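Analysis of the macromolecular model
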There are 2 protein chains.
Amino acid sequence: MNKFLATARGEIPAELVIKNARIANVFSREYELADVAVYQNKIAGVGQNYDGVEIFDAQGAVLIPGMIDGHIHIEDTFMIPPAFADTVAQMGTSAVMADPHEISNALGIAGLEYMFKSGLNLPIDIFWGAPSCVPASEFETPFEELDMLSIKNMFDKNLCQHLGEVMNFPAVINGDPDVWGKITAAGNVPLTGHAPNVTGKNLNAYLSSGISSDHECNDLNEAREKLSRGMWIMIREGASFPNLKILLPLIFENELNAARCMVVSDDITARYLLETGHMDAKMRIMIEAGLNPFTALRMVTLSPAEYFRLYDRGGIAPGRLADFALLDSDEMNASFKIKHVWKNGRKVIKNSNLFTNVLNEIPDLASDIKITRIPTEEQIKIKSSGDFINVIGVTEGTVLTKMLTLKINRDKNGYIAPDLENDIAKIVVLERHRNTGNFSVGFVKGLGIKKGAVGSSVAHDAHNFVVAGADDKSIITALNKLAEMGGGLVVTEGENLISSFPLQIGGLMRFASPEKISSDLILLENCAADIGIKIKHPFMVLSFLCLSVIPELRITDKGYIDISRGGLQNLTAR
Amino acid sequence: MNKFLATARGEIPAELVIKNARIANVFSREYELADVAVYQNKIAGVGQNYDGVEIFDAQGAVLIPGMIDGHIHIEDTFMIPPAFADTVAQMGTSAVMADPHEISNALGIAGLEYMFKSGLNLPIDIFWGAPSCVPASEFETPFEELDMLSIKNMFDKNLCQHLGEVMNFPAVINGDPDVWGKITAAGNVPLTGHAPNVTGKNLNAYLSSGISSDHECNDLNEAREKLSRGMWIMIREGASFPNLKILLPLIFENELNAARCMVVSDDITARYLLETGHMDAKMRIMIEAGLNPFTALRMVTLSPAEYFRLYDRGGIAPGRLADFALLDSDEMNASFKIKHVWKNGRKVIKNSNLFTNVLNEIPDLASDIKITRIPTEEQIKIKSSGDFINVIGVTEGTVLTKMLTLKINRDKNGYIAPDLENDIAKIVVLERHRNTGNFSVGFVKGLGIKKGAVGSSVAHDAHNFVVAGADDKSIITALNKLAEMGGGLVVTEGENLISSFPLQIGGLMRFASPEKISSDLILLENCAADIGIKIKHPFMVLSFLCLSVIPELRITDKGYIDISRGGLQNLTAR
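Figured I'd write up the structure that's included with this text. (Residues numbered from 1 in each chain as written. Chains lettered and ligands numbered in written order. Predicted model: local features only at pLDDT ≥ 70, side-chain atom pairs only at ≥ 80, totals over all residues. Heavy atoms only, no water.)

Concerning the overall build of chain A
- Scanning chain A for helices and strands turns up 17 helices and 28 strands.
- For 574 residues, the compact-globule formula gives about 25 Å, and the C-alpha radius of gyration of chain A, at 24 Å, lands near that figure.
- Summarising its shape, the C-alpha atoms of chain A cover approximately 85 × 50 × 45 Å along the three principal directions.
- Expressed as a percentage of the 574 residues in chain A, the buried residues total 67%.
- Restricting to contacts in chain A with at least 6 residues of sequence separation, those with at least 24 account for 70%. (Helix = DSSP H or I, 4+ residues; strand = E, 2+ residues; numbered from the N terminus. Rg over C-alpha atoms; globule rule 2.2 N^0.38 Å. Buried < 20%, exposed > 50% of the residue type's maximum accessible area, 1.4 Å probe, protein only. Contact = heavy atoms within 4.5 Å.)

Describing the sheet that holds strand 26 (residues 559–562) of chain B
Residues and elements named next belong to chain B.
- Taken in spatial order, the three strands of this open sheet run 25-26-27, and their pairing is antiparallel. In this open sheet, the two edge strands, each paired with only one partner strand, are strand 25 (553–556) and strand 27 (567–569). Sheet twist, expressed as the average angle between the axes of neighbouring strands with direction ignored, equals 45 degrees.
- As paired strands, strand 26 and strand 27 are joined by three bridges and run antiparallel to one another. Residue Tyr560 lies in a different strand from strand 27, and its bridge partner there is Gln569. (Pairing = 2+ DSSP bridges. Axes fitted to C-alpha atoms, helices over the stretch in contact; angles between N-to-C directions.)

A word on the pattern of salt bridges
Residue and element names in this part refer to chain A.
- Throughout the structure, instances matching the rule amount to 59 salt bridges over all chains.
- For the salt bridge of Glu11 with Arg9, the shortest nitrogen-to-oxygen distance reads 3.0 Å.
- Where Asp472 meets Lys426, a salt bridge forms, and the shortest distance between an N and an O atom there is 2.8 Å. One end of the pair, Asp472, is in helix 15 (residues 472–485); the other, Lys426, is in strand 19 (residues 424–430), with 46 residues separating them in the sequence. (Salt bridge = Lys/Arg side-chain N within 4 Å of Asp/Glu carboxyl O.)

A closer look at the relation of the copies chain A and chain B
- The transform that puts chain A on chain B rotates by 180 degrees and translates by 0.0 Å along the axis, for an RMSD of 0.0 Å. Taken together, the rotation and translation describe the operation of a two-fold axis. Residues of chain A ranked by C-alpha distance from the rotation axis are headed by A:Leu256, positioned 2.5 Å from it.
- Looking at chain A, 100% of its interface residues are interface residues in chain B too, so the copies touch through the same face. (Least-squares fit on C-alpha atoms with pLDDT ≥ 70 in both.)

Digging into the packing of helix 4 (residues 148–156) of chain B against helix 6 (residues 177–186) of chain B
Residue and element names in this part refer to chain B.
- Where helix 4 contacts helix 6, the two axes come as close as 8 Å, and the packing angle between them is 10 degrees. With respect to each other, helix 4 and helix 6 are oriented roughly parallel. Every residue of helix 6 that contacts helix 4 at Met148, Ile151, Lys152 and Phe155 is listed here: Pro177, Asp178, Gly181, Lys182, Ala185 and Ala186.
- Within the contact of helix 4 with helix 6, the residues separate by chemical class into six nonpolar, one polar and three charged. (Parallel < 35°, antiparallel > 145°, perpendicular 65-115°, else oblique. Nonpolar A, V, L, I, M, F, W, Y, C, P; charged D, E, K, R; others polar.)

A short note on the sheet that holds strand 9 (residues 162–166) of chain A
All names here are of chain A.
- With respect to topology, eight strands assemble into an open sheet ordered 6-7-8-9-10-11-12-13, the strand pairing being parallel. At either margin of the open sheet sits one strand with a lone partner, and together these are strand 6 (67–72) and strand 13 (261–264).
- Taken together, the two bridges between strand 10 (residues 191–193) and strand 11 (residues 213–214) define a ladder with parallel strand orientation. Within strand 11, the position partnered with Thr192 by the bridge is Ser213.
- Against the sheet, helix 6 (residues 177–186) contacts strand 9 and strand 10, and its axis sits at roughly 155 degrees relative to strand 9.

Let's talk about the nonpolar core
- Counting residues in each nonpolar core, the largest one holds 160 residues, and the members touching the most others are A:Ile64, A:Tyr206, A:Met332, A:Leu447 and A:Val454.
- The greatest single-element share of this core, amounting to seven residues, is contributed by helix 3 (residues 101–118) of chain A.
- Apart from the residues within four sequence positions on either side, A:Tyr206 is in contact with A:Val166, A:Phe169, A:Val172, A:Ile173, A:Gly193, A:His194, A:Ala195, A:Ile211 and A:Met231.
- Core analysis: the next-biggest nonpolar cluster, separate from the first, contains 158 residues, B:Ala296, B:Met332, B:Ile392 and B:Val491 among them. (Core = buried A, V, L, I, M, F, W, Y, C linked by side-chain atoms within 4.5 Å.)

Observations concerning the interface of chain A and chain B
- Each side of the interface is counted separately: chain A has 49 residues, and chain B has 49 residues.
- Of the roughly 3800 Å² buried where chain A meets chain B, counting both sides, 53% is carbon and sulfur surface.
- Looking at the side of chain A facing chain B, the largest losses of area belong to A:Lys201, A:Arg229 and A:Leu256, adding up to 18% of the total buried there.
- Put simply, chain A and chain B have four salt bridges between them.
- A salt bridge links B:Arg229 to A:Glu32, with the shortest nitrogen-to-oxygen separation between them at 2.5 Å.
- Applying the counting criterion to the chain A and chain B interface returns 21 residue pairs in polar contact (both at pLDDT 80 or more).
- Mapped onto the side of chain A that touches chain B, the elements with two or more residues apiece are helix 1 (3–8), strand 3 (42–47), helix 5 (169–173), helix 7 (200–207), helix 8 (220–228), helix 13 (293–298) and helix 14 (302–307) of chain A.
- Sorting elements by how many residues they give to the side of chain A that touches chain B places helix 7 of chain A first, with five residues.
- For the side of chain A that touches chain B, the per-class residue count stands at 20 nonpolar, 18 polar and eleven charged. (Buried area = accessible area lost by both parts, 1.4 Å probe. Polar contact = N/O pair within 3.5 Å; in protein donor to acceptor, adjacent residues only side chain to side chain.)

Considering helix 6 of chain A
- Residues of helix 6 of chain A that are buried include every one of A:Val179, A:Trp180, A:Gly181, A:Lys182, A:Ile183 and A:Ala186, and no others.
- Packing partners of the buried residues in helix 6 of chain A comprise helix 4 (148–156), strand 9, helix 5 and strand 10 of chain A together with helix 1 (3–8) of chain B.
- Sitting at the head of helix 6 of chain A, A:Asp176 places a side-chain oxygen 3.1 Å from the backbone nitrogen of A:Asp178.
- Count one or two residues on from helix 6 of chain A and you reach A:Gly187, which has phi positive near 70 degrees.

Looking at the side chain of A:Thr492
All names here are of chain A.
- Its place among the elements puts Thr492 in strand 23 (residues 488–493).
- On the basis of relative accessibility, which here comes to 0%, the residue Thr492 falls in the buried class.
- Of note is the side chain of Thr492, whose polar atom sits 2.8 Å from the backbone oxygen of Ser474.
- The contacts of Thr492, once residues within four sequence positions are left out, are Gly452, Ala453, Ser474, Thr477, Ala478, Leu497 and Ile498.

Overview of the pairing of strand 26 of chain B
Residue and element names in this part refer to chain B.
- Pairing between strand 25 and strand 26: four bridges, direction antiparallel. Bridge assignment links Thr556 to a residue of strand 26, and that residue is Gly559.
- Between strand 25 and strand 26, which pair antiparallel and follow one another directly, the connecting turn spans two residues.
- Count of turn residues in the strand 26/strand 27 antiparallel hairpin: four residues, of which Gly566 carries a positive phi of about 95 degrees.

Topic: the environment of A:Asp280
All names here are of chain A.
- As for its placement among the helices and strands, Asp280 is situated in helix 12 (residues 279–288).
- Separated by 166 residues in the primary sequence, Asp280 and Gly446 have C-alpha atoms spaced 31 Å apart.
- Once residues within four sequence positions are removed from consideration, Asp280 is found in contact with Met67, Met91, Phe336 and Ile338.

Re unusual backbone geometry
- A cis amide bond links A:Val134 to the next residue, A:Pro135, at an omega of 5 degrees.
- Note that A:Pro135 resides in the loop between strand 8 (125–130) and helix 4.
- Here A:Asp423, not a glycine, exhibits a phi torsion of approximately 60 degrees, which is positive.
- Mapped onto the fold, A:Asp423 is located in the loop between strand 18 (401–407) and strand 19.
- Judged by its relative accessible area of 21%, A:Asp423 is partly exposed.
- Its identity is not glycine, yet B:His537 carries a phi of approximately 50 degrees, on the positive side.
- Here B:His537 shows up in the loop between helix 16 (514–530) and helix 17 (538–544).

What about the packing of aromatic side chains?
Residue and element names in this part refer to chain A.
- Applying the stated criterion to the full structure yields 18 aromatic pairs over all chains.
- For the pair Phe116 and Trp128, a centre-to-centre distance of 5.7 Å together with 70 degrees between the ring planes defines the contact as edge-to-face. One end of the pair, Phe116, is in helix 3; the other, Trp128, is in strand 8, with twelve residues separating them in the sequence.
- When its relative accessible area of 9% is taken as the criterion, Phe116 is described as buried.
- Among the aromatic residues, those joined into a cluster by ring pairs are Phe56, Phe324 and Trp342. (Phe/Tyr/Trp six-rings, centres within 6.5 Å; stacked < 30°, edge-to-face > 60°.)

Focus: the state of the cysteines
- Here the structure, examined in full by the defined rule, presents zero disulfides over all chains.
- Looking at the unpaired B:Cys261, the closest cysteine sulfur is the one in B:Cys217, lying at 8.6 Å. (Disulfide = S-S within 2.5 Å.)

Brief notes about helix 15 (residues 472–485) of chain B
Residues and elements named next belong to chain B.
- In a regular helix each residue adds 1.5 Å, so 14 residues correspond to 20 Å; helix 15 covers 20 Å between its end C-alpha atoms and thus fits that length.
- Those residues of helix 15 not exposed but buried are Asp472, Ser474, Ile475, Ile476, Thr477, Ala478, Leu479, Leu482 and Ala483.
- In this structure, the buried residues of helix 15 make contact with strand 19 (424–430), strand 21 (453–456), strand 22 (465–469), strand 23 (488–493) and strand 24 (496–502).
- At the N-terminal boundary of helix 15, the capping side chain belongs to Asp471, with an oxygen 3.1 Å from the backbone nitrogen of Lys473.
- Downstream of helix 15 by one or two residues, Gly486 has phi in the positive range, about 75 degrees. (Expected span 1.5 Å × (residues − 1).)

Laid out in structure tokens, this is it:
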């Protein structure tokens with residue numbers, strides 16, 4: 001006798017039956033009062049009068065399918081995968097599509113292998129995207145480059161399920177053989193995109209690659225155009241870059257668009273997770289905004305499942321994985337919480353052991369590189385005979401920056417100086433993977449820095465050291481502290497280290513519980529606020545100032561970059 | 001220089017540009033006034049101001065994506081694949097998902113190979129489903145059985161793209177190892193279903209197999225349930241069994257359902273194609289019924305493309321195949337016609353050579369079997385001491401039959417006789433693949449036969465000879481004529497052949513143009529009408545009386561079958 005079929009037919013008791021739940025049926029878009037019968041890791045039946053060895057009484061609460069995050073960089077939570085999984089599993093997440101390109105930039109193949117290994121046997125399924133752009137562009141310097149053979153290797157070994165965001169859109173558009181080689185090596189898997197502000201004929205060229213999604217739509221028209229060209233739209237609701245409010249009208253215009261849209265995190269922190277939530281939070285935001293809860297649910301369950309070709313999940317239905325979560329409420333509303341979670345038919349319970357086990361070994365390469373070639377205060381001073389400089393313009397809430405051309409402020413010695421009254425700080429990037437000593441200097445407006453400096457080894461995507469500060473001494477102190485720590489986040493003032501936050505694994509992650517990470521981060525962010533930085537998630541904002549593949553002006557160890565203006569830009573301007 | 005990308009970017013003239021078209025954008029659900037630039041077989045760009053080596057002026061007419069039929073048995077058009085392709089390509093069809101289980105039943109592997117070969121290099125793409133149920137059930141006798149190794153072989157050789165309709169639903173539900181072996185052999189491809197009246201716990205069990213679609217919903221509630229259990233609904237609009245009117249409310253209820261529904265043909269004839277059309281006809285029917293034309297369009301383009309994982313088509317968008325059709329109208333309305341068609345960027349023109357070329361060779365096995373063991377009139381006479389018999393009840397417009405229990409009518413010699421006043425004819429099925437002489441006798445109500453007989457070698461799915469008639473002589477004449485012809489359709493009266501329609505290839509298809517097939521069929525159907533059969537598509541209705549996997553009563557060479565009652569049924573009843 002096939003027990004699965006016998007369970008489905010109701011001839012033997014199911015191993016587990018959830019009774020008295022209001023099933024949120026993402027297919028029929030209505031609540032359904034029925035039993036859910038489970039055999040091993042799968043749903044055997046949905047219907048009336050299933051008997052079970054174990055019965056769970058849902059007492060009229062809503063049961064939703066396990067939620068799926070279609071795009072996230074786990075590293076950016078500062079948590080290792082087991083800690084991340086333990087955290088989001090409690091929030092009803094059952095799967096994430098993770099692009100490990102942060103660790104790839106910082107630790108190369110060894111870092112990737114660490115992620116793949118530590119991502120196994122967790123209370124969520126982590127599906128990895130092969131990092132397609134390491135480095136993100138020719139204007140960044142990573143630990144090592146991932147070439148097309150590395151990509152092919154990952155797929156040959158079944159380590160990856162999709163191609164990670166293809167960020168180097170100019171290379172795609174212009175037919176660069178390296179990037180096209182990686183796309184080709186990925187073969188017939190979902191090819192995920194990253195194409196901020198790419199529209200018109202450039203978008204056509206980008207899409208000729210077969211890339212089929214994007215999470216970088218900055219306004220409604222951009223999203224409309226991309227949708228109309230056949231792309232799936234990932235609406236990013238990240239910690240620093242929340243796009244739901246901007247892009248939800250796409251769904252209000254026509255709910256059928258929900259069949260080609262999903263909501264993703266991209267970049268969130270441990271603090272954000274604990275305070276706001278994961279996919280459950282995105283649900284609440286959408287419902288609060290007035291979206292039909294079933295439409296909202298589709299965009300965090302069925303739609304990502306379909307885009308990523310995960311036909312075994314996405315809804316509570318027979319034959320699919322027994323991944324579901326029970327709310328504390330009898331409806332999906334703007335304030336529901338996740339009360340109970342099942343993954344593969346097993347109840348999910350908090351398990352801190354997950355991140356204190358053997359997998360917590362630091363990858364071999366992590367401690368090999370000691371950064372000793374650090375510039376002096378003198379070396380980061382710059383003179384110019386002109387009147388203007390280019391400045392990175394930061395606007396809270398968007399990942400886009402501006403390239404501002406502003407009048408030079410000079411110190412008493414004639415050097416170009418921060419202009420704190422006008423919120424212009426100095427920013428320095430130092431290469432940290434090969435100890436080359438390469439560094440670059442620029443200026444940034446909009447962080448709010450009034451004194452001291454903030455520094456980070458999380459600096460997308462190459463993750464060199466980035467420091468922004470009010471004076472050269474604070475900046476150099478920050479660089480030295482980052483080098484001493486082997487990576488992390490710091491706040492400095494003059495010669496003093498005000499606060500630090502070590503990130504032992506590649507300068508990106510640490511071995512700690514989300515609570516510890518979050519509380520330490522709050523302390524650190526308070527120190528950042530003390531020196532004037534009032535924007536939310538200041539270190540995340542800082543880290544993105546180096547990402548060369550998002551317009552407009554960025555800074556890497558190679559200097560100023562504006563991808564929309566073709567690459568390298570001068571510090572001085574006319 | 002990559003010419004495709006340069007075309008997309010608008011830097012070199014496209015090979016072909018369609019100008020002044022109103023593009024029916026299935027993603028944005030609106031008409032878009034833009035150029036479509038083509039490079040080789042693909043769309044390089046959609047947008048303004050594309051220059052082209054060749055310019056086609058659409059003069060304001062609507063351009064729609066190539067349409068996709070998600071489920072059809074080409075054999076049932078009586079046309080060989082090249083003739084079928086030539087016909088439907090003119091109607092804007094660019095791809096069909098074909099289940100060649102008819103030829104598999106009639107000619108086995110050799111027949112399949114003929115289909116695969118003759119399906120190449122045509123103006124449409126034919127994606128084959130591996131026939132999962134040959135025979136359809138244990139109650140039918142085909143030429144040869146296709147076992148799980150045959151299925152595995154077809155996928156190993158990349159001959160098939162999906163698993164053909166899994167009709168033997170009792171075997172799936174009950175865990176039959178043969179059927180489950182075939183499902184397993186198919187692996188990670190779309191597994192298409194056939195589950196008429198399967199609901200509740202049986203449906204749960206059926207779905208545990210991973211089968212994900214169904215085209216046999218007979219009413220709205222059945223469709224709603226299947227949709228809610230995660231299935232894709234194929235709304236069948238066949239020649240004899242048109243379901244659109246019954247099932248369209250599913251889409252009216254919520255247009256989001258169109259993202260998991262498509263419209264398919266299943267069984268249509270050459271005559272139907274010429275008189276009514278193919279997917280274009282389904283579009284007209286849906287629009288006439290009041291559906292938003294873009295929703296209708298989705299269900300014959302994007303939705304089937306997504307279900308069948310054909311990510312290179314389904315809409316007019318960059319990077320997708322240059323498959324599109326120009327209407328004679330500036331809107332998609334209930335009377336549009338297809339005026340021009342492009343497939344892979346080339347203009348499709350009628351090409352009768354397609355079906356007079358080398359591929360028209362009859363498969364080797366076709367003429368090997370001579371049917372000599374044909375029953376006599378005496379042998380098909382039946383006596384019974386009871387008062388009642390079971391009778392197949394036919395209702396026009398539905399593929400379902402009834403199992404009727406009716407009072408016996410006896411002739412002067414005491415044999416059970418047709419009751420023409422009450423529209424009850426005799427029906428005989430004779431095994432024709434192995435010349436075993438096996439036959440069975442039953443009765444059918446609802447065909448309208450007043451005299452003579454109709455016979456067919458198209459008799460789903462085993463395609464034995466089936467004859468229904470008013471008297472034994474006409475029936476035996478029909479069987480003899482079918483045997484002489486080596487397959488086809490006949491109308492007889494007494495000893496006389498009134499009309500015949502040869503089907504040289506496996507008794508299923510013939511080498512002829514659709515016009516010839518259609519006009520000959522009209523002649524034949526007129527003769528059938530002369531003996532009383534007024535229902536539409538009488539030979540298609542007759543052919544389905546043998547299909548053991550659709551409830552209720554059917555007849556095969558093994559006798560009466562009712563799958564919903566577990567199989568074999570008696571002729572006589574209480």
